[in-house]
Amino acid sequence: MKANNKAIINDRNIEVFIGQTLRIGVILSCAVALIGGIMYLLHHGMQTIPDYTTFHGEDASYTSLPGIIKGLGTGSATEIIQLGVAILIATPILRIVLSLVSFILEKDKLYVVITLIVLGVIMTSMFGGLKV
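Residues numbered from 1 in each chain as written. Predicted model: local features only at pLDDT ≥ 70, side-chain atom pairs only at ≥ 80, totals over all residues. Heavy atoms only, no water.

Peer 1: Which parts of the structure should I look at to understand unusual backbone geometry?
Peer 2: Comment: phi is negative for the bulk of residues other than glycine, and the bulk of peptide bonds are trans. Although it is not a glycine, Lys107 sits at a positive phi angle of roughly 60 degrees. Mapping Lys107 onto the fold places it in the loop between helix 4 (77-106) and helix 5 (109-127). For Lys107, a relative accessible area of 70% corresponds to the exposed category. (Helix = DSSP H or I, 4+ residues; strand = E, 2+ residues; numbered from the N terminus. Buried < 20%, exposed > 50% of the residue type's maximum accessible area, 1.4 Å probe, protein only.)

Peer 1: What is the right way to read the nonpolar core from this model?
Peer 2: Soluble globular proteins: nonpolar side chains tend toward being buried together. The biggest cluster of nonpolar side chains holds 5 residues, and these are Ile93, Ile96, Leu100, Val112 and Leu119. Secondary-structure elements contributing two or more residues to this core are helix 4 and helix 5. Take this core: its biggest share by element is 3 residues, from helix 4. Those residues within four positions of Ile96 in sequence are excluded, and the remaining contacts are Thr115, Val118, Leu119 and Ile122. (Core = buried A, V, L, I, M, F, W, Y, C linked by side-chain atoms within 4.5 Å. Contact = heavy atoms within 4.5 Å.)

Peer 1: Looking at this model, I keep getting lost on a nonpolar patch on the surface. Mind explaining?
Peer 2: On the surface, a nonpolar cluster with roughly 380 Å² of combined accessible area is contributed by Val85, Ile89, Met126 and Phe127. Contributions of two or more residues to the nonpolar patch are made by helix 4 and helix 5. Turning to its location among the elements, Phe127 is positioned in helix 5. By relative accessible area, which is 57% here, Phe127 ends up exposed. (Patch = residues over 30% accessible without salt bridge, like charges linked within 9 Å, V, L, I, M, F, W, Y side chains within 5 Å. Areas by Shrake-Rupley, 256 points an atom, 1.4 Å probe, with all protein chains shown as cover. Salt bridge = Lys/Arg side-chain N within 4 Å of Asp/Glu carboxyl O.)

Peer 1: It is not clear to me how helix 4 should be interpreted in this structure. Could you clarify?
Peer 2: Within an α-helix, residues lying three or four positions from one another point in the same direction, as the helix has 3.6 residues per turn. End to end, helix 4 covers 43 Å across 30 residues, agreeing with the expected 44 Å (1.5 Å per residue, within 8%). Remark: the principal bend of helix 4, roughly 25 degrees, maps to Thr91, with a proline, Pro92, within the next four residues. Every buried residue of helix 4 is listed here: Ala77, Thr78, Glu79, Ile80, Gly84, Thr91, Ile93, Ile96, Leu98, Ser99, Leu100 and Ser102. Downstream of helix 4 by a residue or two, Lys107 has a phi angle that is positive, lying close to 60 degrees. (Expected span 1.5 Å × (residues − 1). Bend = angle between axes of the 7 residues up to and from the residue.)

Laid out in structure tokens, this is it:
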């Protein structure tokens, strides 16, 4: 009897996919941040050490996604590093979204509700915070 070649979506396949997604996200974020760090050192490595006795805040280009994307267009090393950090932050959020899809496919209503609550809390915290 021939085995059916159709891809079967089951718990194990979804777990493996989520694990691979987490692994790829972390490796990608590290690689992007490392590339940005090397570029930063090549351009600014011989500068004198700044005065760290007083705090100087950063522009929105370093702290907002549109600013990071705009800086990437100019090839700024600091924005490349920030992109690596943004990818690292997005990785576990993507895991939650993939888990939500998994629970929907399994028709597990309790876990769908719990995952939606967790995702809602995270999104509210990220996008509903104070804008200074």
